[in-house]
Amino acid sequence: MLRILFVGDVVGSPGRRALGKMLKALRSRLDANLVIANGENAAGGLGITRTTAAAILESGVDAITLGNHAFTKKDMLAYVDSEPRILRPANYPPEVPGRGWGVFEATTGDRVAVANLAGRTFMAPLDCPFRAADTIISEIGGEPKTLIIDMHAEATSEKLAMGWYLEGRVSAVIGTHTHVQTADEKVLPGGTAYITDAGMTGVHDSV
């Protein structure tokens, strides 16, 4: 059985330290074959840099997804083109550096597609994430069969709408951005796993 571990938003140096100290043992205990982490707040709680991205990857993460703060740190504009393990939202305009989805090999040998989308409600305007999702599915063409979506959005309704829109067409829709884990994890009728927000990796006794 293919097991995929998704790590909620890694926030600042405490989040990076927690990931570095705990991920190896957690991956072993869960027998996770692939690890995905949202890293858009890894650098001081806002954005990500080449250095913080490297720390996340060195901790054992296979793919980093981002979000609306993908390019808050300007050095990422050049770095995302050279690092295929980092994904920025696929519904950024076509001219934006980087890629919105990629295919990664799990320890089982299975190929897993991972895609990053950003919402538009209460956030900066971007291209339609629903159309972007359709384009990704068309480009993948059913191979690999496993497709994980990180839906980085503010509104719970928009994330849930994406879950229902992609129900039966992708393996999982996992919400990120609000840093509070929700209790609505479920498998939709078509077999798509869904959760509105995966929460965060960082300081617990804090605001």
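What counts as what
- Residues numbered from 1 in each chain as written.
- Predicted model: local features only at pLDDT ≥ 70, side-chain atom pairs only at ≥ 80, totals over all residues.
- Heavy atoms only, no water.
- Salt bridge = Lys/Arg side-chain N within 4 Å of Asp/Glu carboxyl O.
- Helix = DSSP H or I, 4+ residues; strand = E, 2+ residues; numbered from the N terminus.
- Buried < 20%, exposed > 50% of the residue type's maximum accessible area, 1.4 Å probe, protein only.
- Phe/Tyr/Trp six-rings, centres within 6.5 Å; stacked < 30°, edge-to-face > 60°.
- Pairing = 2+ DSSP bridges.

> Before we move on, could you go through the pattern of salt bridges and cite the residues and values that matter?
In total, this model carries five salt bridges according to the counting rule given. Arg-85 is the salt-bridge partner of Glu-83, the closest N and O atoms lying 2.9 Å from each other. One salt bridge connects Arg-111 with Glu-143, and the closest N-O pair in it is separated by 3.5 Å. On the criterion of sequence distance, the pair formed by Arg-111 in strand S7 (residues 111–118) and Glu-143 in the loop between helix H4 (129–140) and strand S8 (146–152) is long-range, its members being 32 residues apart. The exposure class of Arg-111 is partly exposed, given its relative accessible area of 41%. In this structure Glu-143 comes out as partly exposed when scored by relative accessible area, which is 47%.

> So, the packing of aromatic side chains: which residues are in play, and what are the values?
A full pass over the atoms with the stated rule returns two aromatic pairs. Ring centres 5.8 Å apart and planes at 40 degrees place the aromatic pair Phe-71 and Tyr-92 in the tilted group. Here the residue Phe-71 occupies a position in the loop between strand S4 (63–65) and helix H3 (76–82), and Tyr-92 occupies one in the loop between strand S5 (86–87) and strand S6 (101–105), the gap between them amounting to 21 residues. Note on accessibility: Phe-71 and Tyr-92 belong to one class, buried. Ring centres 5.4 Å apart and planes at 85 degrees place the aromatic pair Phe-130 and Tyr-165 in the edge-to-face group. Residue Phe-130 is located in helix H4, and its partner Tyr-165 is located in helix H5 (residues 156–166); the two are separated by 35 residues in the primary sequence. You can call Tyr-165 partly exposed: its relative accessible area is 35%.

> Before we move on, could you go through the sheet that holds S4 and cite the residues and values that matter?
The four strands are arranged S1-S3-S4-S5 in an open sheet whose pairing can be described as parallel. Each edge of the open sheet is held by one strand with a lone partner, namely strand S1 (4–7) and S5. Inspection of the sheet shows S1 paired to strand S3 (residues 34–38) by four bridges, in the parallel sense. By the bridge assignment for S3, Ile-4 is matched with Leu-34.

> Lay out the pairing of strand S9 (residues 172–176) with the relevant residues and their values.
The element S9 is largely enclosed, with a buried count of five among its five residues. Burial along S9 is two-sided: Ala-172, Ile-174 and Thr-176 and Val-173 and Gly-175, pointing in opposite directions, are all buried. Across three bridges, S9 lies against strand S11 (residues 193–195) in parallel orientation. Paired with Val-173 across the strands is Tyr-194, a residue of S11.

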